[in-house]
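# Architecture at a glance
Chain by chain, the residues:
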Amino acid sequence: MNIILLGPPGAGKGTQAERLVAGRGMVQLSTGDMLRAARKADTPLGHQVAAVMDSGALVSDEIVSALIDDKLSTMTADQGAIFDGYPRTAAQAESLDAILSRHDRKLDRVIELDVDEDALVERIVGRYSCAKCGTNYHDTFHRPKVDGVCDVCGSTEFKRRPDDNEETVRTRMAEYRAKTAPVIPIYEARGILVRIDGMGDIDHVSAAIADILDGK
Ligand code: AP5
Ligand code: MG
């Protein structure tokens, strides 16, 4: 299965993708994670995108579509893809069609996480992750089982994203409304869009996604 998780910043795309990876052996293709990895590795691409990302604006369509194409080339046919944070513009949606057909894949479902924007700021400014393995946490909604110790790898080092401050979040939301929301009707018209309530707790959202993937 190949699916898109669609929704504004903080909607829970990464959180749910992580669970699908662990539970179903699918592969998460997060353009945000790929760009952050390029920055961390100090590559020319990382340098090129740093300022744009920190401002909350979108990086160019060509850059992110090339990252998706490259990642799909490393996957085997039996591995399902979860597109997280891609496509984010109508041009990216068009590129994805071409990329998928080159890789002999088809899009099964686009799952839109329907959320209340006001609640998202709290989700985002409270977010942090393990500095070693990247597992995501939240100050209030998703704390490690033992305070200060990562559930997955036991590390005690954590980090926060530079774009997770209130001002940048507002820019990211505005970008979503202006450039990404117009992608929704494209998939609605194809009959593959499913909208689910993203405001429930994390387990409830996972259960709703599982029902969709299991065809219930
Ligand atoms: P990206 O990394 O994709 O960021 P984003 O879309 O802004 O989304 P987030 O990662 O902030 O939110 P999420 O939906 O994954 O939420 P999460 O699960 O973490 O992109 C960053 C930047 O890279 C962009 O601004 C742009 O510059 C660039 N970029 C990336 N892709 C691009 C593209 N395709 N084109 C152009 N530019 C691109 O959840 C958030 C928090 O809430 C967590 O702490 C979590 O624990 C908590 N939480 C999750 N679900 C729930 C719940 N149900 N209840 C309570 N808390 C919850
Ligand atoms: Mg994310």
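As shown above, the structure is provided for reference.
Residues numbered from 1 in each chain as written. Chains lettered and ligands numbered in written order. Predicted model: local features only at pLDDT ≥ 70, side-chain atom pairs only at ≥ 80, totals over all residues. Heavy atoms only, no water.

### Notes on the site of ligand 1
Residues in contact with ligand 1 amount to 35 residues; listed here are only the nearest, Thr15, Ala57, Arg88, Arg127 and Arg172. At a separation of 2.9 Å, an oxygen atom of ligand 1 approaches a polar side-chain atom of Arg36. Between ligand 1 and the protein, one listed contact pairs an oxygen atom with a side-chain N or O atom of Arg88 at 2.5 Å. Contact with the protein chains hides 96% of the accessible area of ligand 1, taken as 1000 Å² for the molecule alone. The set of elements that each furnish at least two residues to the shell around ligand 1 consists of α1 (13-24), α2 (31-40), β6 (136-138) and α9 (202-213). A breakdown of the residues in the shell around ligand 1 according to their chemical character gives 14 nonpolar, 12 polar and nine charged. (Near = heavy atom within 4 Å. Polar contact = N/O pair within 3.5 Å; in protein donor to acceptor, adjacent residues only side chain to side chain. Areas by Shrake-Rupley, 256 points an atom, 1.4 Å probe, with all protein chains shown as cover. Helix = DSSP H or I, 4+ residues; strand = E, 2+ residues; numbered from the N terminus. Nonpolar A, V, L, I, M, F, W, Y, C, P; charged D, E, K, R; others polar.)

### Focus: helix α7 (residues 166-180)
In a regular helix each residue adds 1.5 Å, so 15 residues correspond to 21 Å; α7 covers 20 Å between its end C-alpha atoms and thus fits that length. Regarding α7, the residues found buried are Thr168, Val169, Arg172, Met173, Glu175, Tyr176 and Thr180. End-on, the buried residues of α7 take up no more than an arc of 160°, which puts them together on one face. Relative to its buried face, α7 has exposed residues pointing more than 90 degrees away, namely Glu167 and Ala178. Its buried side turned inward, α7 meets β1 (2-6), α3 (44-55), α6 (117-125), β5 (127-130) and α8 (184-190). (Expected span 1.5 Å × (residues − 1). Buried < 20%, exposed > 50% of the residue type's maximum accessible area, 1.4 Å probe, protein only. Arc of directions from axis to C-beta. Contact = heavy atoms within 4.5 Å.)

### Quick look at the sheet that holds strand β7 (residues 158-159)
Within the open sheet, the three strands sit side by side as β6-β5-β7. Their pairing is antiparallel. The open sheet is flanked by β6 and β7, the only strands paired with a single partner. Taken together, the two bridges between β5 and β7 define a ladder with antiparallel strand orientation. Within β7, the residue paired with Ser129 across the bridge is Lys159. (Pairing = 2+ DSSP bridges.)

### Quick word on the pattern of salt bridges
If charged atoms from side chains of opposite charge come close, those side chains can pair. Using the criterion set out here, one finds 20 salt bridges in the structure. Between Asp33 and Arg36 there is a salt bridge whose closest N-O contact spans 2.7 Å. Taken together, the residues Asp33 and Arg36, both in helix α2 and three residues apart, mark about one turn of the helix. Overall, the relative accessible area of 24% leaves Arg36 in the partly exposed class. Members of the salt-bridge network, linked through shared partners, are Arg127, Arg161, Asp163, Asp164 and Arg172. (Salt bridge = Lys/Arg side-chain N within 4 Å of Asp/Glu carboxyl O.)

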